[in-house]
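Listed here are the chains, written in short residue letters.
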Amino acid sequence: MSHAIAAPGKLLLTPQDHTLILIDFQSQMAFATKSIDAVALRNNAALISHAAAGFGVPTILTTVAEKSFSGPMFSEITEAFPDQALLDRTSMNTWEDAAVIARVNAIGKPRIVLAGLWTGVCIVGPALSALDQGFEVYVIADACGDVSEEAHERAMLRMIQAGARPMTAVQYLLELQRDWARTGTYELTTSIARRFGGAYGLGITYAKTMFGAQEGH
């Protein structure tokens, strides 16, 4: 007989147990992305970037052919990590780049969280490679995009079948917070949601403005 206790499950993420890798959020990749609206993609990328920066999650920013072809990383991401160098690659699979892997090993976390463009190439490659090497892999599905809905969905399904765990951008933010009684990060979480969380953020703004509402009270 099972016995419940008031404790989080081991499959939930914490700010201390994973590395976030943001891959190829670049202009050239975004132009052909059709599986998600560009505004939603940029908001979701910004949300997870500011969440990771605010909660102190080790984050790797990587681009492909930044100067010669694909262009700069989204400013919504780089503004969250203003002093961090980008790791530029030639390989489509981030996991085959020695500089990226050196950073993964230096951070030393057992879980990898991925987001980027395109899902079927730039995310599938490192997801399957990391799983093969014994890492737990999470993919923020609505902070990824591909050239069609079909391409994105088939890529997500392929990764899930291999053992990757899908999640969303707002889910990522709230999983890092997980308890409104954690007052040290309460304002951080709600401010990120208000700025980048779409309708959820509007709801927070309304409740706070109209009657001073606060979660956990």
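In short, a report on the structure. (Residues numbered from 1 in each chain as written. Predicted model: local features only at pLDDT ≥ 70, side-chain atom pairs only at ≥ 80, totals over all residues. Heavy atoms only, no water.)

## Here we look at a nonpolar patch on the surface
A surface patch of nonpolar side chains, amounting to about 390 Å² of accessible area, comprises Tyr206, Met210 and Phe211. Judged by relative accessible area, Met210 falls into the exposed class, the value being 53%. (Patch = residues over 30% accessible without salt bridge, like charges linked within 9 Å, V, L, I, M, F, W, Y side chains within 5 Å. Areas by Shrake-Rupley, 256 points an atom, 1.4 Å probe, with all protein chains shown as cover. Salt bridge = Lys/Arg side-chain N within 4 Å of Asp/Glu carboxyl O. Buried < 20%, exposed > 50% of the residue type's maximum accessible area, 1.4 Å probe, protein only.)

## Comments concerning the pairing of strand β4 (residues 111-116)
With respect to burial, β4 is a largely interior element, six of its six residues being buried. Direction of pairing for strand β1 (residues 18-23) relative to β4: parallel, over a ladder of six bridges. Within the sheet, the bridge partner assigned to Ile23 lies in β4 and is Gly116. Taken together, the four bridges between β4 and strand β5 (residues 136-140) define a ladder with parallel strand orientation. Bridge assignment links Val113 to a residue of β5, and that residue is Tyr138. Assessed by its sense of winding, the connection that carries the chain from β4 through helix α6 (residues 119-132) to β5 is right-handed. (Helix = DSSP H or I, 4+ residues; strand = E, 2+ residues; numbered from the N terminus. Pairing = 2+ DSSP bridges. Right-handed = clockwise from strand over helix to strand, strands pointing away.)

## Considerations on the sheet that holds strand β2 (residues 59-64)
Spatial ordering of the open sheet is given by β3-β2-β1-β4-β5-β6, a layout of six strands whose pairing is parallel. Across the chains shown, the open sheet's two edge strands, defined by having one partner strand only, are β3 (87-89) and β6 (165-167). Sheet twist, expressed as the mean angle between neighbouring strand axes with direction ignored, is 25°. Pairing analysis gives three bridges linking β2 to β3, with the strands arranged parallel. By the bridge assignment for β3, Thr62 is matched with Leu87. Here α6 sits on the sheet and contacts β1, β4 and β5; the angle it forms with β4, its principal contact strand, is near 175°. (Axes fitted to C-alpha atoms, helices over the stretch in contact; angles between N-to-C directions. Contact = heavy atoms within 4.5 Å.)

## What to know about the environment of Pro72
Structurally, Pro72 can be placed in the loop between α3 (66-70) and α4 (75-78). For the pair formed by Pro72 and Ser27, sequence separation is 45 residues and the distance between their alpha carbons is 6.6 Å. If sequence neighbours within four positions are ignored, Pro72 has contacts with Phe25, Gln26, Ser27 and Glu66.

## Looking at the packing of aromatic side chains
The description of an aromatic ring pair rests on the distance of the ring centres and on the angle between the ring planes. Counted under the stated rule, the structure contains three aromatic pairs. Taking the centre distance of 5.5 Å and the plane angle of 55° together, the rings of Phe25 and Phe74 count as tilted. A residue pair is termed long-range when its members are at least 10 positions apart, and Phe25 in the loop between β1 and α1 (27-31) and Phe74 in the loop between α3 and α4 qualify at 49 residues. Phe74 carries the same exposure label as Phe25, and that label is buried. (Phe/Tyr/Trp six-rings, centres within 6.5 Å; stacked < 30°, edge-to-face > 60°.)

## Some remarks on the environment of Thr63
Within the secondary structure layout, Thr63 lies in strand β2. Once the C-alpha coordinates of Thr63 and Phe81 are considered, the two residues, 18 residues apart in sequence, prove to be 14 Å apart. Of note is the side chain of Thr63, whose polar atom sits 2.6 Å from the side chain of Asp88. (Polar contact = N/O pair within 3.5 Å; in protein donor to acceptor, adjacent residues only side chain to side chain.)

## A look at the nonpolar core
Counting residues in hydrophobic clusters, the biggest one holds 59 residues, and the most contacted among them are Phe25, Ile48, Ile140 and Tyr172. Looking at which element gives the most residues to this core, the answer is helix α2 (residues 38-55), with eight residues. If near-sequence neighbours (up to four positions away) are discounted, Ile140 is found in contact with Leu20, Ile48, Val113, Leu114, Ala115, Met167, Thr168, Ala169 and Tyr172. (Core = buried A, V, L, I, M, F, W, Y, C linked by side-chain atoms within 4.5 Å.)

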